[in-house]
Amino acid sequence: MWPISINEIKRLQIELTTFCNADCPSCERRNYTIENDAIYVKPLNNSEISLKNIKEWLPLDKFHSLREIHFCGNVDEPTLHNELISICKYLKDFDVWISTNGGTKNRLFWTELAKLKNVLVIFGIDGLEDTNHLYRQNVKWKKLEDNYTTFIREGGNAAWQFIVFEHNKHQIDICRDLSVREGFKWFNTVYSTRENHEVEAVPKDREKNKCIRCKATYDNKELKESFYIDALGTVWPCCWMATNYQSNVVAKQIGYRFGHYLSHNLKYDSLENIVQGDMFAFLWKNLSKFEVCNTHCLHNISDTITWHGM
């Protein structure tokens, strides 16, 4: 059986949609291919989780330990979801984190979002006007700047998240100082391990763990006790297993031994039954057999994120 139940989780990570306005080089959207023999298929730009789904799928009365709901998916831009503000209002009793490139919507949207004091918006801003677009492609600086200044001016809680690349590392201190002046409450640096061929990341070496210990089952800086729900309503232990590539690697290893593969989808079963069911039990017993678990939870190859409070 999976070692944590839904009344023990402290964090939920949710991919609200498969739409995004940006074209970041190391995002999986860039080279998104659905193979002919794919078992698990999630097309881009056609799916989202509605407020109705949230109400039906999330048993809020059973989340005794849940504190944080993070809208941050593998292929999504959460602010493109037309019901985002309504969803955040519905989840008023939880800390809602929204990761965004900041380049969407208008002042009215950001003003309304700023009124919700349970919301923290994490703006992905990788440099200044002369560098941000090198990675955050299709994001217009003036639009981004207007959006975050509107949000902060209207009382919103904001964090600046800075992915460190060779082309912007000289701007870390400048951006940290700017974030203070602009009213951001946090400044985060991210040293990425993602592969891309257009920009050069600055990774940090991390010590290998002694054994595979699933990072979604204990308190740590990356995941905490948590589950990941993708835009189709499929439940995974983490976002790493839910990528287009890894989800199909896992699918082919598991096959149809538990019946229909989407038995761990919230359209067909409850969250409680899914995480206490046969598939999650199988995952737990066989962590060492999955490439994704060895990569992230044994060899510790993951982004290094550091939060700096103001």
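Structural data are supplied above this passage.
Treat the numbers as computed from the prediction; the structure is a model and nothing was measured.

What follows covers the overall build of the chain. When helices and strands are counted, the chain shows 10 helices and nine strands. A compact globule built from 310 residues would reach a C-alpha radius of gyration of about 19 Å, and the chain, at 19 Å, matches this within 12%. For the chain, the proportion of its 310 residues judged to be buried stands at 57%. Just so you have it, the chain exposes about 14,200 Å², and 48% of that area is on carbon and sulfur atoms.

Next up on the list: the side chain of glutamate 28. For glutamate 28, the position within the fold is in the loop between β1 (11-14) and α1 (51-57). Despite being buried, glutamate 28 has no salt bridge partner; lysine 42 is the closest side chain of opposite charge, sitting 5.2 Å away. Within the structure, glutamate 28 has its side chain in polar contact with the backbone nitrogen of asparagine 244 (distance 3.0 Å). Leave out the neighbours within four places in its chain, and glutamate 28 touches Asn74, Val75, Thr243, Asn244 and Tyr245.

What follows covers the pattern of salt bridges. Tallied over the full model, the rule gives 16 salt bridges. Glutamate 68 is the salt-bridge partner of lysine 224, the closest N and O atoms lying 3.3 Å from each other. With a gap of 156 residues between them, lysine 224 in the loop between β6 (186-191) and β7 (226-229) and glutamate 68 in strand β2 (residues 68-71) connect regions that are remote in the sequence. On the accessibility criterion, glutamate 68 (5% relative accessible area) is buried. For arginine 107, the salt bridge is made with aspartate 146, and the minimal N-O distance between the two is 2.8 Å. Taken together, the residues span a long stretch of sequence, with arginine 107 in helix α3 (residues 107-114) and aspartate 146 in helix α5 (residues 141-153) at a distance of 39 residues. Under the relative-accessibility criterion, aspartate 146 is labelled partly exposed at 22%. Through salt bridges with shared partners, one network takes in Arg11, Glu68 and Lys224.

In any sheet, the strands associate via hydrogen bonds between backbone groups, in a parallel or an antiparallel arrangement. Taken in spatial order, the nine strands line up as β8-β7-β1-β2-β3-β4-β5-β6-β9 in an open sheet, and their pairing is mixed. Of all strands in the sheet, those with a lone pairing partner are β8 (235-236) and β9 (304-309), marking the two edges. Sheet analysis places β2 next to strand β3 (residues 95-100), joined by four bridges and oriented parallel. Note that in β3 the partner of isoleucine 69 across the bridge is valine 96.

Burial runs high along helix α7 (residues 244-254): eight of the 11 residues are buried. For α7, every residue scored as buried is listed here: Asn244, Gln246, Ser247, Asn248, Val249, Val250, Ala251 and Ile254. In this structure, the buried residues of α7 make contact with β8, α9 (278-285) and α10 (291-298).

For glutamine 161, the position within the fold is in strand β5 (residues 157-163). Taking relative accessible area as the criterion, glutamine 161 reaches 18% and is therefore assigned buried.

The geometry of α3 relative to α5 is characterised by a closest axis approach of 8 Å and an angle of 35° between their N-to-C directions. Of the two possible hands of crossing, α3 and α5 adopt the one that is right-handed. Of α5, the residues touching α3 (which contributes Arg107, Trp110, Thr111, Leu113 and Ala114) are Asp146, Asn147, Thr150 and Phe151. When its residues are assigned to classes, the contact of α3 with α5 shows four nonpolar, three polar and two charged.

In this section: the environment of glutamate 48. Positionally, glutamate 48 belongs in the loop between β1 and α1. For the pair formed by glutamate 48 and phenylalanine 19, sequence separation is 29 residues and the distance between their alpha carbons is 8.2 Å.

Here we take up the packing of aromatic side chains. Applying the stated criterion across every chain yields a total of 18 aromatic pairs. A ring pair is formed by phenylalanine 123 and phenylalanine 184, whose centres lie 6.1 Å apart and whose planes are at 90°; its orientation type is edge-to-face. Here phenylalanine 123 is found in strand β4 (residues 119-124), whereas its partner phenylalanine 184 is found in the loop between α6 (172-182) and β6, with 61 residues between them in sequence. For the pair formed by phenylalanine 123 and phenylalanine 184, the shared burial category is buried. Here phenylalanine 162 and phenylalanine 187 contribute two aromatic rings whose centre-to-centre distance is 6.1 Å and whose plane-to-plane angle is 40°, an arrangement assigned as tilted. Here phenylalanine 162 is found in strand β5, whereas its partner phenylalanine 187 is found in strand β6, with 25 residues between them in sequence. Looking at phenylalanine 162, the relative accessible area reads 0%, which means it is buried.

About the criteria used
Residues numbered from 1 in each chain as written. Predicted model: local features only at pLDDT ≥ 70, side-chain atom pairs only at ≥ 80, totals over all residues. Heavy atoms only, no water. Helix = DSSP H or I, 4+ residues; strand = E, 2+ residues; numbered from the N terminus. Rg over C-alpha atoms; globule rule 2.2 N^0.38 Å. Buried < 20%, exposed > 50% of the residue type's maximum accessible area, 1.4 Å probe, protein only. Areas by Shrake-Rupley, 256 points an atom, 1.4 Å probe, with all protein chains shown as cover. Lys, Arg positive; Asp, Glu negative; His and termini not counted. Salt bridge = Lys/Arg side-chain N within 4 Å of Asp/Glu carboxyl O. Polar contact = N/O pair within 3.5 Å; in protein donor to acceptor, adjacent residues only side chain to side chain. Contact = heavy atoms within 4.5 Å. Pairing = 2+ DSSP bridges. Axes fitted to C-alpha atoms, helices over the stretch in contact; angles between N-to-C directions. Left-handed = near helix turned anticlockwise from the far one by under 90°. Nonpolar A, V, L, I, M, F, W, Y, C, P; charged D, E, K, R; others polar. Phe/Tyr/Trp six-rings, centres within 6.5 Å; stacked < 30°, edge-to-face > 60°.

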